[in-house]
Each structure stands twice: as C-alpha cells, then as structure tokens.
Amino acid sequence: MSFEGDQFESRDFRRGVWSQTATTVAMVTSAWEGRENVMACEWAMMVSASPMRFVISIGPRSQTHEFIEASGEFGLNFCSDSQATLSHVSGSYSMRDTDKWSLADFPRYPASRIAAPMIEGCPLNVECRVVATERLGDHTLFIGEALWARYDTEKQPLLYSAGKYWHLGSQVPKA
C-alpha cells in the first residue's frame, strides 16, 4: 500500500513516513558536575570523515541536552545487536526520575578525552567535542568532532525501524 501527501501535521502520516526509515542505534553518554547520564539516540550518524564529525539530535527538555550544552562534549556508543536491552532501558526512562544505570548492567569504561563514561561492547565508540549546534524543529543538532574512537570489527550494529530492533541482514548486491 502506498501513501503520499503533505499532511505533516498528522501524527499518523509522520509515523508512517518514520516507519519507512532504518537507523543504527546509539547510546549517548554525558556528564556534568559529577553526574553521568546515558540516553538512547536513534538520530546519530557520521557526517564527515575528514575532519571526522558526528551529529546527534536531542530534545531540549532532556537531561542529556542540558549536560551536553554545559560540558560541550558527549560520548557516542553505537549499539551492537546484543545491546537492545541497554538501548531500551536508556531510551525509556529519564534521569530526572530514574537511575537508569541501576536498571541494567551497563558495562562502562572511562573515556580517554571526555568526562562522560563510555559503554563497553559496542561496534563503535566515539568521544566528541561539540563544534556546532543547530536548533531544528523540536530538537537540537549537536555536531561533534571526534577526539578519540574505538571500534570492534567482530560486533554487528543494532538497527531500528518501525519501533523495533533488527539484526543486520545479508548483503544486497549493488548491481
């Protein structure tokens, strides 16, 4: 079934458009004044290879937004396909009323260049310094320049589409 139009005010239409996209899933870590937070972030991606930069989209009411704005840095931990529970927990609760760290076994390690902790077991971890921000609708885009990165070629990314988690499937030929 196919749909088309410009009914972007309609929640159903927006959700229909959104459900046709697929993204990797990241957990954003942040720290400020001795407090640490982790938040699932569907809208996270590399946007430049040289200099290496990543963009994340964060709602302004979140504690993560406040910590990144104050500290000027964030950790980007792209989830492996074995970390769906961590993603779910970090994205389903607010630090304002729940200690997310105690709800699941988040395997943390200290970052090399930023204050926020990093999450072990990810295919890609990147420590970023904010170099630009842009208000876009009901979110803020934080553009971070990579200060340190760690990747594991044995891990597979966690994908997200239509509100569900997925494994990476078989390769599709280009031609």
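This text goes with the structure placed above it.
Residues numbered from 1 in each chain as written. Predicted model: local features only at pLDDT ≥ 70, side-chain atom pairs only at ≥ 80, totals over all residues. Heavy atoms only, no water.

Colleague: Looking at this structure, how should I read the packing of aromatic side chains?
Modeller: How two aromatic rings sit relative to each other is set out by the distance from centre to centre and by the angle between their planes. Overall, the coordinates contain five aromatic pairs when judged by the stated rule. On the numbers, 5.5 Å between centres and 70° between planes, the contact of F8 with F13 is edge-to-face. Take F8: its relative accessible area is 48%, and that puts it in the partly exposed class. Under the relative-accessibility criterion, F13 is labelled buried at 15%. Judged by centre distance (5.3 Å) and plane angle (75°), the rings of W101 and F106 are edge-to-face. (Phe/Tyr/Trp six-rings, centres within 6.5 Å; stacked < 30°, edge-to-face > 60°. Buried < 20%, exposed > 50% of the residue type's maximum accessible area, 1.4 Å probe, protein only.)

Colleague: Looking at this structure, I do not really get the nonpolar core. What am I missing?
Modeller: Side chains of a nonpolar character, in soluble globular proteins, are inclined to be buried together. Counting 16 residues, the largest nonpolar core has V28, I56, F74 and L76 as its most contacted members. Elements with a minimum of two residues in this core: strand 2 (26-32), strand 3 (35-41), strand 5 (52-58), strand 6 (73-78) and strand 9 (124-136). Beyond its immediate stretch of four places on either side in the chain, F74 contacts V28, T29, I56, I68, I114, V126, E127, C128, V130, F142 and G144. The next biggest cluster of nonpolar side chains, apart from the first, holds 13 residues, and it includes M27, F106, L158 and Y160. (Core = buried A, V, L, I, M, F, W, Y, C linked by side-chain atoms within 4.5 Å. Helix = DSSP H or I, 4+ residues; strand = E, 2+ residues; numbered from the N terminus. Contact = heavy atoms within 4.5 Å.)

Colleague: I tried to follow the pairing of strand 9 on my own but got confused; where do I start?
Modeller: Looking along a regular strand, one sees side chains alternate from face to face of the sheet. In the sheet, strand 6 pairs with strand 9 via six bridges, with the strands oriented antiparallel. The residue of strand 9 that forms the bridge with N77 is N125. Pairing geometry for strand 9 and strand 10 (residues 139-151), over 12 bridges, is antiparallel. For A132, the partnering residue across the bridge sits in strand 10 and is I143. The antiparallel pairing of strand 9 with strand 10 creates a hairpin that spans two residues between the two strands, and G137 there sits at a positive phi of about 60°. (Pairing = 2+ DSSP bridges.)

Colleague: Would you explain the sheet that holds strand 10 in this entry?
Modeller: Strand pairing within a sheet occurs via backbone hydrogen bonds; the two strands may be parallel or antiparallel. Strand order in the open sheet formed by seven strands is 3-2-6-9-10-5-4, and the pairing between neighbours is antiparallel. Two strands lie at the open edges of the sheet, namely strand 3 and strand 4 (44-49), each paired on one side alone. Each strand of the sheet is rotated relative to its neighbour by a mean of 30°, with strand direction disregarded. Alignment of strand 5 against strand 10, held across six bridges, turns out to be antiparallel. In the sheet register, V55 faces strand 10, and the bridge partner there is I143. On the sheet, helix 2 (residues 63-71) packs against strand 2, strand 3, strand 5, strand 6, strand 9 and strand 10 and is oriented at approximately 55° with respect to strand 2. (Axes fitted to C-alpha atoms, helices over the stretch in contact; angles between N-to-C directions.)

Colleague: Looking at this model, I keep getting lost on the pattern of salt bridges. Mind explaining?
Modeller: Once their charged atoms are close, side chains differing in charge can pair, the charge on each being opposite to the other. Using the criterion set out here, one finds five salt bridges in the structure. When the shortest N-O distance is used, the salt bridge between E145 and R53 registers 2.7 Å. Of the two residues, E145 sits in strand 10 while R53 sits in strand 5, which places them 92 residues apart along the sequence. The partner of E66 in a salt bridge is R96, and the shortest N-O contact between them spans 4.0 Å. Of this pair, E66 sits in helix 2 while R96 sits in the loop between helix 3 (84-92) and helix 4 (100-103), and the two are 30 residues apart along the sequence. One salt-bridge network, held together by shared partners, links R53, R129 and E145. (Salt bridge = Lys/Arg side-chain N within 4 Å of Asp/Glu carboxyl O.)

Colleague: Explain the side chain of T64 to me, please; I cannot follow it from the model alone.
Modeller: Along the chain, T64 falls in helix 2. Under the relative-accessibility criterion, T64 is labelled buried at 1%. Setting aside its immediate chain neighbours within four residues, T64 contacts V28, S30, N37, M39 and I58.

Any functional reading would require information that these geometric values do not contain.
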